Amino acid sequence: MDLLSAGKADGYCSRILRAQSNRKEGTNEFRLRVEGDPESYQPGSTYRVSVIASSPSYFRGFTLIALKEGAEGDKDEDYVGNFQIIDEEEAQFMTNCPPAVTESTPRRRTSIQVFWTAPPSGSGCVVLKASIVQKRIIYFQDEGSLTKRMCEKDATDKPLLDCCACGTAKYRVTFYGNWSEKIHPKDYPRRANHWSAIIGASHSKNYVLWEYGGFASEGVKQVAELGSPVKMEEEIRQKGDEVLTVIKMKAQWPAWQPLNVRAAPSAEFSVDRTRHLMSFLTMLGPSPDWNVGLSAEDLCTKECGWAQKVVQDLIPWDAGTDSGVTYESPNKPTAPQEKIRPLTSLDHPQSPFYDPEGGAITPVARVVVERIARKGEQCNIVPDNVDDIVADIAQEEKEEDDTPETCIYSNWSPWSACSSATCEKGKRMRQRMLKAQLDLSVPCPHTQDFEPCMGPGCSDEDASTCMMSEWITWSPCSMSCGMGTRSRERYVKQFPDDGSVCTLPTEETENCVVNEDCSPSSCLVTEWGEWDACSATCGLGMKRRERMVKMPPADGSICGAEVLEVEKCMMPECHTIPCLLTPWSDWSDCSVTCGKGLRTRQRVLKSPVELGECSEELEQVEKCMLPECPIDCAMSEWTEWSECNKSCGKGHTIRTRMVKLEPQFGGDPCPESIQRKKCKIRKCSRRHEKKSSKDRGGDYDDGTGEAATEHPGCKMRPWSNWTECTKLCGGGIQERLMTVKRRFKTAQLSSCKDRKEIRACNVHPC
């Protein structure tokens, strides 16, 4: 702060502001951009700020400041927020004006990036300003593309008001994962992609499970990095009356599953007047610490009722505990821990979500929260039960068989097993095949039917009127090599009505073996992931599970451990005729002759159309990579021809051009970069020619056409040789000197003095 005061005392910061010129024709060459192009700022949030030059422009220097709107910049309190340097080789704080960021060294550049943390609430509007130095010209657009105005985000965006609803409401939350190779193709992890077990709660506003701008608890960290919900559930249960329902759903292996193969995971929970918020999270796996979820979603309406339905598309967020940038980055703990923040498309060029244009990330999941029941007397003034009445009527109508006579079906298959593995409510399904549709103008109704069911374990014999939760996923094995132990937990969902104690166990422990061979020639692998869903919806299918190599053998040998297991699985007997398909064709040639392209393969449906629509894919597309495309040398335009290097007699003139792009991958080589041709101005008299030759030192050639004796009143030495270039690439400088050899008495000082020339060199990119 002493440095800040010292810098401001002499008005240096305000002098920077006053020194800027505003050359209007430069308006579109340079741009200041705040990541995501927000119209307002969230107090305390951090934003990435870029200064960008549009091709072919560049800048050598810059200054970046953040001022309160209307402030002059001559007082400490005029500067708001805090800049943070990303690359110290690119930028630094200005010595005489510490709130400002400037260049570390003046060199050609087309962009710079820094972080800016917004000021606390109540700071009002802020103006971010950039100045640009290009050659000797300074740009500072007060109303142009180098100025960005942002005002504080309205604090009423998502208020956590006291709830005025009466009674309680029951909801079902359903999680639809949409993170797939088709939608997010960049570096998509084909092995072991999954969503971890979902953990959350309905809770009061006094308890925050996680939120943007906050720090991850130990439980959140374990979900974020390991996908383990055990610690998170423990934290939730320690909150006592602040929590009404713990929300838990199974993990999904693989991450993307078509809904007609496997029902999306769902769970039911309740809310009341004091605990009307709902939060949950699930890990995107594998990843460093990336998750999705809802934070403090309020289900209580302003009209003192309960929300009917909430649908949210979700993008991934970073827990701030691991600094990896790709799905399968090695562990790299973030120290110190950073705040939870949404991922963006400009985080890192290696990020799977990177977009140089800075667009929005395509959502990876959708969550649907639907009200399914209300209990107790409701007090909302505006009735919201019309939807409930319609739903009830629709349920009654469903009981009638309204199948049109023009639709010919097979018989229904037997009911599947209940989707719940414990004594709680689930779903079961049956299927039938549409064999013929006699009238195409009349739609045929569904071929799948669902109904609620109670899972096994609800009989009086098995201990109980105790209702237990499902087992939570097994903990990691205690040993990474050899025999260890692992455990899992469950909890009592409902105690017996008579007040007796539940005797069913709430914890299980078992032995586990990971990496039986612990010798230096063995590699360490992770535990097996969960089995995938059976590949068949009925009859005989296959299922698979995967694990990953954690560490190759210490002695450098090849890892021999299996990372994939496949086994048969049997689903209920098929009561439909399956699709009949030809084998896959061979892969087509790559769509390009060099670089990255696509190739395809097809198969054909052989079974008759009358047997119903076939949902199997008939075409597959995958990436292919051929050798890199050759890039030819690119040259700049020729310069103008120089003046003749002799003032009389035969001489020569030259012109030059520079290499803009070196050839790569076998591209055409660079042509000549210098050309010369003869020139003759006039014949020299013998005396003039002799004197000229003597003055020039025989082989003198300065490239300017000026003779050494053409300086009135003095005699000059020849030009010195050019000095070494100051840089090997990226644009350096050379210089040479012409010094006075003898000054005559008639000489004037202005016409007889040493001369120096400077030129650019090694301008090709590094």
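The preceding data block contains the structure.
Reading the values: rules and limits
- Residues numbered from 1 in each chain as written.
- Predicted model: local features only at pLDDT ≥ 70, side-chain atom pairs only at ≥ 80, totals over all residues.
- Heavy atoms only, no water.
- Helix = DSSP H or I, 4+ residues; strand = E, 2+ residues; numbered from the N terminus.
- Buried < 20%, exposed > 50% of the residue type's maximum accessible area, 1.4 Å probe, protein only.
- Contact = heavy atoms within 4.5 Å.
- Areas by Shrake-Rupley, 256 points an atom, 1.4 Å probe, with all protein chains shown as cover.
- Phe/Tyr/Trp six-rings, centres within 6.5 Å; stacked < 30°, edge-to-face > 60°.
- Lys NZ or Arg CZ within 6 Å of the ring centre and 35° of its normal.
- Pairing = 2+ DSSP bridges.
- Arc of directions from axis to C-beta.
- Patch = residues over 30% accessible without salt bridge, like charges linked within 9 Å, V, L, I, M, F, W, Y side chains within 5 Å.
- Salt bridge = Lys/Arg side-chain N within 4 Å of Asp/Glu carboxyl O.
- Lys, Arg positive; Asp, Glu negative; His and termini not counted.
- Charge placed at Lys NZ, Arg CZ, Asp CG, Glu CD.
- Disulfide = S-S within 2.5 Å.
- Axes fitted to C-alpha atoms, helices over the stretch in contact; angles between N-to-C directions.
- Parallel < 35°, antiparallel > 145°, perpendicular 65-115°, else oblique.
- Left-handed = near helix turned anticlockwise from the far one by under 90°.
- Nonpolar A, V, L, I, M, F, W, Y, C, P; charged D, E, K, R; others polar.
- Polar contact = N/O pair within 3.5 Å; in protein donor to acceptor, adjacent residues only side chain to side chain.
- Core = buried A, V, L, I, M, F, W, Y, C linked by side-chain atoms within 4.5 Å.

Visitor: Which parts of the structure should I look at to understand the overall build of the chain?
Guide: For the chain, the helix and strand inventory stands at 6 helices and 44 strands. Within the chain, the fraction of its 766 residues that count as buried is 36%. For the chain, contacts bridging at least 24 residues in sequence account for 68% of all contacts bridging at least 6. As presented, the chain carries roughly 44,700 Å² of accessible surface, and 51% of it is formed by carbon and sulfur atoms.

Visitor: Looking at this structure, I do not really get the packing of aromatic side chains. What am I missing?
Guide: We describe a pair of aromatic rings using the distance from one ring centre to the other and the angle between the two ring planes. Inspection of every chain in the model, using the stated rule, returns 15 aromatic pairs. On the numbers, 6.2 Å between centres and 80° between planes, the contact of Y41 with W116 is edge-to-face. Taken together, the positions of Y41 in strand β2 (residues 40-41) and W116 in strand β8 (residues 111-117) put the pair 75 residues apart, joining distant regions of the chain. The class for Y41 is buried, based on a relative accessible area of 0%. Both rings, one in W179 and one in Y327, keep their centres 5.3 Å apart while their planes meet at 50°; by these two values the pair is tilted. Here W179 is found in the loop between β12 (168-177) and β13 (194-195), whereas its partner Y327 is found in the loop between β20 (317-318) and β21 (341-342), with 148 residues between them in sequence. Cluster of aromatic residues (ring-pair linked, three or more members): F175, W179, Y188, W195, F280, W290, Y327 and F353. Taking NZ or CZ as reference, K677 lies 4.4 Å from the ring centre of W641, over its face. Against the face of W719 rests R736, its NZ or CZ located 4.5 Å from the ring centre.

Visitor: I'm lost on the pairing of strand β9 (residues 126-134) in this one. Help?
Guide: Look at any regular strand and the pattern is simple: side chains alternate between the two faces of the sheet. For β9, a buried count of 8 out of 9 residues is recorded, marking the element as mostly surrounded by other parts of the structure. Across 8 bridges, strand β4 (residues 61-68) lies against β9 in antiparallel orientation. Across the sheet, I65 pairs through a bridge with K129, a residue of β9. Relative to strand β11 (residues 147-152), β9 is paired through 4 bridges, and the arrangement is antiparallel. When the bridges of β11 are listed, L128 appears paired with K148.

Visitor: Help me understand helix α3 (residues 218-226) in this model?
Guide: Side chains three or four residues apart in an α-helix point the same way, a direct result of the helix having 3.6 residues per turn. For α3, every residue scored as buried is listed here: G219, V220, V223 and A224. For α3, the buried positions fall inside an angular range of 135° around the axis, keeping them on one side. Residues of α3 that are buried make contact with β14 (198-203), α4 (230-237), β17 (277-285), β18 (290-298) and β20. A positive phi of about 75° marks G227, the residue just after α3.

Visitor: How should a positive patch on the surface be read in this particular structure?
Guide: A cluster of basic side chains, namely K650, K678, K680 and K683, defines a positive patch on the protein surface. Checked against the element boundaries, K650 lands in strand β38 (residues 650-656). Accessibility expressed as a relative area gives 68% for K650, which makes it exposed.

Visitor: What should I look at first to understand the state of the cysteines in this one?
Guide: Cysteine pairs can be linked by a disulfide, which is a covalent bond between their two sulfur atoms. Inspection of every chain in the model, using the stated rule, returns 12 disulfides. The disulfide partner of C590 is C624, and the gap between their sulfur atoms is 1.9 Å. Between C590 and C624, the S-S torsion sits near 85°, and that sign places the bridge as right-handed. Here C590, found in the loop between β34 (564-570) and β35 (596-602), pairs with C624, found in strand β36 (residues 619-625); they are 34 residues apart in sequence, far enough to count as distant.

Visitor: Looking at this structure, how should I read a nonpolar patch on the surface?
Guide: Taken together, M542, L564 and V566 make up a surface patch of nonpolar side chains, about 250 Å² in accessible area. Here M542 shows up in strand β32 (residues 540-546). Accessibility expressed as a relative area gives 39% for M542, which makes it partly exposed.

Visitor: Even after reading the chapter, I still don't get the packing of α3 against α4, so can you show me in this structure?
Guide: Helices that pack against each other are described as a pair by the angle of their axes relative to one another and the distance between those axes. Axis separation between α3 and α4 bottoms out at 7 Å; the angle between their running directions is 155°. On the basis of their axis angle, the class for α3 and α4 is roughly antiparallel. In this structure, the crossing between α3 and α4 has a hand that is left-handed. Residues E218, G219, V220, Q222 and V223 of α3 form the contact with α4, whose own contacting residues are K231, M232 and E235. Its residues placed into classes, the contact of α3 with α4 shows 3 nonpolar, 2 polar and 3 charged.

Visitor: Which parts of the structure should I look at to understand the sheet that holds strand β3 (residues 46-53)?
Guide: Neighbouring strands of a sheet are bound in pairs by backbone hydrogen bonds; such pairs are parallel or else antiparallel. Pairing in this open sheet of 4 strands is antiparallel, and the strands run β1-β3-β8-β5 from one edge to the other. Of all strands in the sheet, those bounded by a partner on one side alone are β1 (30-34) and β5 (82-85). In this sheet, adjacent strand axes meet at a mean angle of 25° when their direction is disregarded. Bridge count between β1 and β3: 5 bridges; the pairing is antiparallel. Within β3, the position partnered with L32 by the bridge is V51.

Visitor: What is the right way to read the sheet that holds strand β19 (residues 309-314) from this model?
Guide: Spatially, 4 strands are ordered β16-β12-β22-β19 in an open sheet, and the strand pairing comes out antiparallel. Each end of this open sheet is capped by a strand with a single partner; those strands are β16 (266-271) and β19. Going from strand to strand, the sheet's axes swing by 20° on average, the running direction of each strand aside. Pairing between β12 and β16: 6 bridges, direction antiparallel. Note on β16: the bridge partner recorded for K170 is S270.

Visitor: How should I be thinking about the environment of V310 in this particular structure?
Guide: Topologically, V310 is positioned in strand β19. Using a relative accessible area of 13% as the deciding quantity, one classes V310 as buried. C-alpha of V310 to C-alpha of E370: the two residues are 60 residues apart in sequence and 6.6 Å apart in space.

Visitor: What am I meant to see in the side chain of T245 here?
Guide: Note that T245 resides in strand β15 (residues 243-249). Here S270 takes part through its backbone nitrogen, which lies 3.2 Å from a polar atom of the side chain of T245.

Visitor: Explain the side chain of T102 to me, please; I cannot follow it from the model alone.
Guide: Following the sequence through the fold, T102 ends up in strand β7 (residues 97-103). Of the polar contacts made by the side chain of T102, one reaches the backbone oxygen of F62; its length is 2.9 Å. Among the polar contacts made by the side chain of T102, one reaches the side chain of E103 at a distance of 2.8 Å.

Visitor: Is there a simple way to explain the nonpolar core in this structure?
Guide: The nonpolar side chains of a soluble globular protein tend to be buried, and buried together. Ranked by internal contacts, the top residues of the largest apolar core, which has 36 residues, are Y171, V173, W195, F269, M278 and V369. Residue assignment for this core shows that the elements contributing at least two residues are β12, β15, β16, β17, β18, β19 and β22 (365-375). Of the residues forming this core, the biggest block, 4 residues, is contributed by β12. Ignoring sequence-local partners within four residues, the contact set of Y171 consists of A267, E268, F269, V271, L299, W306, A307, V369, E370, R371 and I372. If you look at the next biggest cluster of nonpolar residues, it comprises 26 residues, including A53, A66, A91 and V114.

Visitor: Please explain the pattern of salt bridges as it appears in this structure.
Guide: Under the definition given, this model contains 23 salt bridges. Between K170 and E268 there is a salt bridge, and its shortest N-O distance comes to 3.2 Å. Of the two residues, K170 is situated in strand β12 and E268 in strand β16; the sequence distance between them amounts to 98 residues. Close ionic contact of R341 with D347 constitutes a salt bridge, the shortest N to O distance being 3.2 Å. What makes R341 partly exposed here is its relative accessible area of 31%. Taken together, the salt bridges that share partners define one network made up of E90, R107 and R109.

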